[in-house]
Amino acid sequence: MGASDLRGKSPDELRTELTNLKKEAFNLRFQAATNQLENTARMRTVKRSIARVNTILNEKARGAEAEA
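Residues numbered from 1 in each chain as written. Predicted model: local features only at pLDDT ≥ 70, side-chain atom pairs only at ≥ 80, totals over all residues. Heavy atoms only, no water.

A separate point is the overall build of the chain. Counting its secondary structure elements, the chain contains 3 helices and 0 strands. Ordered by position from N to C terminus, the α and β elements of the chain give α-α-α. Whereas a compact globule of 68 residues would reach a radius of gyration of roughly 11 Å, the chain reaches 14 Å, over 25% beyond that. Each of the 68 residues in the chain was classed as buried or not, and the buried ones make up 21%. Sequence-distant contacts, at least 24 apart, represent 67% of the contacts inside the chain between residues at least 6 apart. In the form shown here, the chain has an accessible surface area of approximately 5100 Å², with 49% of it arising from carbon and sulfur atoms. (Helix = DSSP H or I, 4+ residues; strand = E, 2+ residues; numbered from the N terminus. Rg over C-alpha atoms; globule rule 2.2 N^0.38 Å. Buried < 20%, exposed > 50% of the residue type's maximum accessible area, 1.4 Å probe, protein only. Contact = heavy atoms within 4.5 Å. Areas by Shrake-Rupley, 256 points an atom, 1.4 Å probe, with all protein chains shown as cover.)

Right, dumping it as structure tokens:
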């Protein structure tokens, strides 16, 4: 999911997406620890997606503060 897709979502939707990504990251770490992880590149994409969602949430928060 790209940044432009995420910018169109509301903060509540972004928080839900963040929760889902963090659960997936946990599951991937667990699979890696038990040597069951097949696609190691997925860990990298999930980490970057988490960072992307956090960045956009912060941008929206700063935008709301600037308007007030």
